[in-house]
Amino acid sequence: MFSTAIILKLNVSKEFDKKYQEFNTASSYVTIPAPLYSGDLLTKINKIEDIEKAETKKGIYTKVTINFNGSNQEQNQIFYNMDEKAELNNIKIVEETTDNVQNPIYLPSYIYLNSDYHLKDKYYVEIDENKYEFTVKGYVEEMQYGNYSTSIIGLYLTNESYEYLAKDNKDLEVQTISVLSNNGEKSYNEIAKILSENNISIISKNYDTQVKSTRLIITNLLVIILLAFSVLILVISLLVSKFKIENEIEEQLTNMGVLKALGYTNRQIIFSVMFPYIIIGTIASLIGIGLSYLLIPVVSNIITMQSGFTWVQNFDSTSMIITLLSILVLIAIFTYMASKKIKKLNPINAIRGISQNEKKQKNHFEIEKTKGNIGFNLTLKNFANSAKQNILLGLVIFFLSLLASFSSMLFYNININPMNFVNTLVEEHPSVILYDASDIKDEILKMDEVKNAIYYDENQSATIENNSYKVFVSESFQNLANDLCYEGRNPKNENEIAIGNSVSEKYGLSVDDTVIVKREGKEASYKIVGLIQSVNNSGEVLELTVEGFRKLNKDYNSNSLYVYLKDENESQNFIEKVEKNYDISNIVNYVESMNSVLEMFVSIIKVVCIVIIIITILIIYLILYLIISSIITNRKQELGILKSIGYINRQLIFQISGGLMPSTIIAALCGMICSKLFLNKIFISLFRVVGAYKISFSYPINVIGAIAIILIIITFMISVFLSRKIKKIEVYKLIKE
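All values reported here derive from a predicted model rather than from experimental measurement.

### Describing empty space enclosed by the protein
Working step 1: A full pass over the atoms with the stated rule returns 6 cavities of 30 Å³ or more.
Working step 2: Secondary structure elements with two or more residues in the lining of the largest cavity: α5 (184–197), β12 (450–464) and β16 (514–519).
Working step 3: Partitioned by chemical class, the residues of the lining of the largest cavity number 5 nonpolar, 5 polar and 3 charged.

### Topic: the pattern of salt bridges
Working step 1: For the coordinates displayed, the defined rule picks out 17 salt bridges.
Working step 2: A salt bridge links D40 to K44, with the nearest nitrogen and oxygen atoms 3.7 Å apart. Here D40 pairs with K44, and both are found in helix α2 (residues 39–46), just 4 residues apart, close to one helical turn.
Working step 3: Exposure remark for D40: the relative accessible area of 46% places this residue in the partly exposed category.
Working step 4: Between K577 and E449 there is a salt bridge, and its shortest N-O distance comes to 3.5 Å. Note that K577 is positioned in helix α18 (residues 571–581) and E449 in the loop between α15 (441–445) and β12, a separation of 128 residues in sequence.
Working step 5: K577 gets classed as partly exposed once you look at its relative accessible area, which sits at 36%.
Working step 6: A residue is classified by how much of its surface remains accessible, and E449, at 23% relative accessible area, is partly exposed.

### Quick notes on the nonpolar core
Working step 1: Core analysis: the biggest nonpolar cluster contains 127 residues, and L8, L624, F683 and F687 have the highest contact counts within it.
Working step 2: Setting aside anything within four residues of it in sequence, one finds L624 in contact with L393, S629, L660, T715, I718, S719 and L722.
Working step 3: Of all hydrophobic cores here, the second largest spans 34 residues; its members include I66, Y110, V125 and V140.

### Regarding the side chain of S408
Working step 1: By the secondary structure assignment, S408 is in helix α13 (residues 387–416).
Working step 2: For S408, a relative accessible area of 13% gives the class buried.

Rules used in this analysis
Residues numbered from 1 in each chain as written. Predicted model: local features only at pLDDT ≥ 70, side-chain atom pairs only at ≥ 80, totals over all residues. Heavy atoms only, no water. 1 Å grid on protein atoms, 1.4 Å probe; cavity = no way out; pocket = protein on both sides within 12 Å on 5 of 7 lines; lining within 4 Å. Points joined across faces, edges and corners; volume = space filled by probe spheres on them. Helix = DSSP H or I, 4+ residues; strand = E, 2+ residues; numbered from the N terminus. Nonpolar A, V, L, I, M, F, W, Y, C, P; charged D, E, K, R; others polar. Salt bridge = Lys/Arg side-chain N within 4 Å of Asp/Glu carboxyl O. Buried < 20%, exposed > 50% of the residue type's maximum accessible area, 1.4 Å probe, protein only. Core = buried A, V, L, I, M, F, W, Y, C linked by side-chain atoms within 4.5 Å. Contact = heavy atoms within 4.5 Å.

What follows is the structure, encoded as structure tokens:
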């Protein structure tokens, strides 16, 4: 797990940068309506400082409904002429058919891998009741769009196909202006300033660092989860190893004394104890690193499907060295901590079997003085006499309960209650979106299946200090399904605004400050009432009410109606009903779109949780094996005497198992309490890496409690199973050995 995380951390980002440069991808780009473009505009852009190159490319911009991950999804798509010469934003044909096809189209790998389209399949584009038929000639890899995280994606046509689509749709033509510069964000902001001064609206925009952060979300999440799990498991394993060494030193006390008496130095003896663990650690780590390369293709496939670029991992020596050294250094530290007590051993006492710090053991729960059931008293006696083993078991169970709670909460919030996960990583998620629906809200609200409907717009933009930001406009933020605000509140009045975390950090703004926002030559002052998150937009967003946005655009009217259904499973039936009764040009089944995206995360988390369950049980088995073996070895005479005076195997088994239960129960309960108190803070810290400042996870106490109970039951069952070895030991041997 650790090796996989390190490989992902070191290589995916590097491969992304490599392909970004290999395809000569633009540092930033903007797409505007073609009629608003002029050569003079490109001249102004070329004068911007640090811009090395600027070029334009025509395309056809429209909405297309496609079958995506088994469901219909409406996407904003730009169709480019791939035969048009260009130096920036190159594409690479990954696979294509050699057959001649009519109206060939090349799909980006993101669509090809996540849809049911195959080579030579038909791809239909419907515009104003005109249906255009293309044939999938192949699929390409490109880095300009890559995936649909910016709500737009590019497709590629031959010259013949482009003319076929453009012939009747000149009004849909757009112009994409791409630039190469030293600072993508800075150059984009300068371009946005020029466009704003010329009252030119932006259809689509992005720059390099934002593209990278949104396209590597899954990678970063996987790295976080794998590192968190692997480090916790490693610490638990090292605690077990430390106990094993300390126990081994006690068992080999005489031999240690002999070695010291013969003249071996403390350093030599300590090294002889540490060395086998270093060797085993090296071998096991190399096997683990090798196994991680079997896991990488599965992870790589998931990353490719989400990010839209192909990543094939070869052997990476740097990742191997980091993984190997990290683990071996920790093994060396823990084994040294366990074996340094050898320094204090007196050779004569050690040969006699007397430890330097050995103290006379107190007779806890004396049988003749303690009232109550003698079997129960013996169980308490076993617990008191195995203090070190119980402390170790308690620590291990405590950490395992945290680990199990962490994985179970991840599973619960992604697999069982996925909306919690959705609310953390995406913005607003209605059941259905109706576009060009400016006058039917009241009628939609009267439908029995509709819970709520609200006008909401995610496609507006405005500038702060010449930097352009996406604006979310709503008539009422209080009625939305996903509250993005993590500090303060959402705007309610026309003079209020909420800003994204990146905007807040960039300008040092906080709640109650005032900010000036501009758009197309107009400006307005707003009071900041809240801070919001937006993972997909890297926190570069603003929230304004409809009246607030009209201060920048007095003619603004929202026509995208977000509809929330009482039963989201009825979304398709609702769409059919709307299509039958209203003339709505574009309808998006958001439920189906969201479900298709969730499938990727659900499958990953299932695998991770299954692995964690297996590892948890194995660690419990290992620690109990060491502890019970130690107890039986150290108390052979006592167990032999108890057997000889008539105690049956079952009683002795339950005495040993029962003696381990108090520490197990206490540790599991402490783990449950800590999980309830601190899991939210842990998840906030982890998800902040991908830009999520507000975690919408829930932490039901019954699930955390169930984890604690299951751990206690598993521990008891394994301890009973391992204690059964008493049955095979004869009374005489137990007393004499």
